Amino acid sequence: MKLILRILLSALAVILLANFLPHVSVDSYVTAIIVAIVLSLLNFLVKPILVILTLPVTIITFGLFLLIINALIILLADNLIEGFNVDGLWWALLFSLLLSFLQSVLFSLLKEDK
């Protein structure tokens, strides 16, 4: 149940950012849910491979290259999903940063008090 809520909250964040950023667009709510699922899968499957392959560059840049990897994941999702569009690397970078921030805020609502 928590996984479904996290996907729906991620889709909400995608919709909010698509309405806020001028060079990011999502066609529908279903597309936003698909974007959330695909981004989760790409972060789970592709991102670790990219991190390992670019480890020397990541170390030299003190981890800042991970931001570029996140932007590349967003652009890959843009190419895979019809109805989701991000115009360029800089917009993907900004979208990635704001999506991470929004997800952390929204996911904090799911935490249970112990």
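Quick caveat, the model's predicted, so the values are computed rather than measured.

Student: What is the right way to look at the overall build of the protein chain in this model?
Tutor: The secondary structure content of the protein chain amounts to five helices and two strands. Helices (α) and strands (β) of the protein chain occur, in sequence order from the N terminus, as α-β-α-α-α-β-α. Its C-alpha atoms give the protein chain a radius of gyration of 14 Å, near enough to 13 Å, the size a compact globule of 114 residues would have. The burial tally for the protein chain puts 36% of its 114 residues in the buried class.

Student: Would you take a moment to explain the layout of surface pockets for this structure?
Tutor: Over the atoms rolls a probe the size of a water molecule, and in doing so it shows where empty space is left. A volume near 370 Å³ is recorded for the largest pocket. Forming the walls of the largest pocket are 18 residues, and the residues nearest its centre are Leu39, Ser40, Asn43, Leu99 and Gln103. Elements supplying a minimum of two residues to the lining of the largest pocket: helix 1 (2-20), helix 2 (29-53), helix 4 (65-80) and helix 5 (89-108). By residue class, the composition of the lining of the largest pocket is nine nonpolar, seven polar and two charged.

Student: Explain helix 4 to me, please; I cannot follow it from the model alone.
Tutor: In an α-helix, one turn spans 3.6 residues, which is why side chains three or four residues apart end up on the same side. Taking 1.5 Å of rise per residue, 16 residues should cover 22 Å, and helix 4 covers 23 Å from first to last C-alpha, within 8% of that figure. Buried within helix 4 we find Ile69, Asn70, Ala71, Ile73, Ile74, Leu75, Ala77 and Asp78. On its buried face, helix 4 sits against helix 2, strand 2 (84-86) and helix 5.

Student: Mind showing me how you'd approach the packing of aromatic side chains here?
Tutor: Any aromatic ring pair is given by two values, namely how distant the centres are and how the planes are angled relative to each other. One pass over the structure, following the stated rule, counts one aromatic pair. Ring centres of phenylalanine 84 and phenylalanine 95 lie 5.8 Å apart, and the angle between their planes is 55 degrees; this geometry places the pair in the tilted category. One end of the pair, phenylalanine 84, is in strand 2; the other, phenylalanine 95, is in helix 5, and 11 residues separate them in sequence.

Student: Looking at this structure, I do not really get the nonpolar core. What am I missing?
Tutor: One broad trend across soluble globular proteins is that nonpolar side chains are buried collectively. One finds Phe84 and Phe95 to be the most contacted residues of the largest nonpolar core, which totals 32 residues. Among the secondary structure elements, those contributing two or more residues to this core are helix 1, strand 1 (24-26), helix 2, helix 4, strand 2 and helix 5. In terms of residue count, helix 1 provides more of this core than any other element does, eight residues in total. Residues contacting phenylalanine 95, with those up to four places away along its chain left out, are Val14, Leu17, Leu21, Val24, Ile74 and Phe84.

Student: So what exactly am I meant to see when it comes to unusual backbone geometry here?
Tutor: Residues apart from glycine generally show negative phi values, whereas peptide bonds are mostly found in trans. The backbone phi angle of phenylalanine 62 is positive, close to 55 degrees, even though this residue is not glycine. Structurally, phenylalanine 62 can be placed in the loop between helix 3 (55-60) and helix 4.

Student: Would you take a moment to explain the UniProt feature "transmembrane region" (unreviewed entry) in the protein chain for this structure?
Tutor: Under the local residue numbering, the UniProt record ascribes the feature "transmembrane region" (unreviewed entry) to residues 28-46, 53-77 and 89-110. As a span, residues 53-77 carries 80% helix and 0% strand, and end to end its C-alpha atoms are 20 Å apart.

Student: Is there a simple way to think about a nonpolar patch on the surface in this case?
Tutor: A contiguous nonpolar surface patch, about 900 Å² in accessible area, is contributed by Met1, Ile4, Leu5, Leu8, Ile33, Ile37, Leu41, Phe44 and Leu45. Every element with two or more residues in the nonpolar patch is listed here: helix 1 and helix 2. No other element matches helix 2, which puts five residues into the nonpolar patch. Within the secondary structure, methionine 1 is located in the segment before helix 1.

Calculation rules
Starting from 1, residues in each chain are numbered consecutively following that chain's sequence as written. With pLDDT at 70 or above as the cut-off, local features in this predicted model cover only qualifying residues; side-chain atom pairs require 80 or more to be listed or tallied, and sums for whole chains, interfaces and linings still use all residues. Calculated side-chain values reflect all of the structure's heavy atoms, with hydrogen atoms and water omitted. Every helix listed is a DSSP run of H or I at least four residues long, and every strand listed is a run of E at least two residues long, numbered separately from the N terminus. Put simply, the radius of gyration uses C-alpha atoms, and a globule should come to 2.2 Å times the residue count raised to 0.38. Burial classes follow relative accessibility: with a 1.4 Å probe on protein chains only, a residue under 20% of its type's maximum area counts as buried, one over 50% as exposed, and anything between as partly exposed. In this analysis the probe radius is 1.4 Å and the grid spacing 1 Å, with only protein atoms considered; a cavity is a set of points the probe fits into but cannot get out of, a pocket is an open set with protein on both sides within 12 Å along at least five of seven lines, and lining residues have an atom within 4 Å of a point. Grid points are joined across faces, edges and corners, and a volume is the space filled by probe spheres set on the points. Throughout this entry, Asp, Glu, Lys and Arg are counted as charged residues, while Ala, Val, Leu, Ile, Met, Phe, Trp, Tyr, Cys and Pro are counted as nonpolar. The remaining residues, Gly among them, count as polar. One less than the residue count of a helix, multiplied by 1.5 Å, gives the span that helix is expected to have. The criterion used for residue contact is that any of the two residues' heavy atoms lie within 4.5 Å. Centres within 6.5 Å are what make two rings of Phe, Tyr or Trp a pair, Trp counting through its six-membered ring; a difference in plane orientation under 30 degrees is then read as stacked, over 60 as edge-to-face, and the rest as tilted. By convention a nonpolar core is built from buried Ala, Val, Leu, Ile, Met, Phe, Trp, Tyr and Cys residues, the set being connected through side-chain atoms within 4.5 Å. UniProt positions are given in the numbering used here, feature names are shortened, and annotations may be inferred rather than shown by experiment. Patch membership is restricted to residues that have no salt bridge and whose relative accessible area is over 30%. Joining uses 9 Å for like charges and 5 Å for the nonpolar side chains Val, Leu, Ile, Met, Phe, Trp and Tyr. Per-residue and other accessible areas were derived by the Shrake-Rupley procedure at a 1.4 Å probe size, with only the shown protein chains allowed to occlude residues. Here, a salt bridge means any Lys or Arg side-chain nitrogen found within 4 Å of an Asp or Glu carboxyl oxygen.

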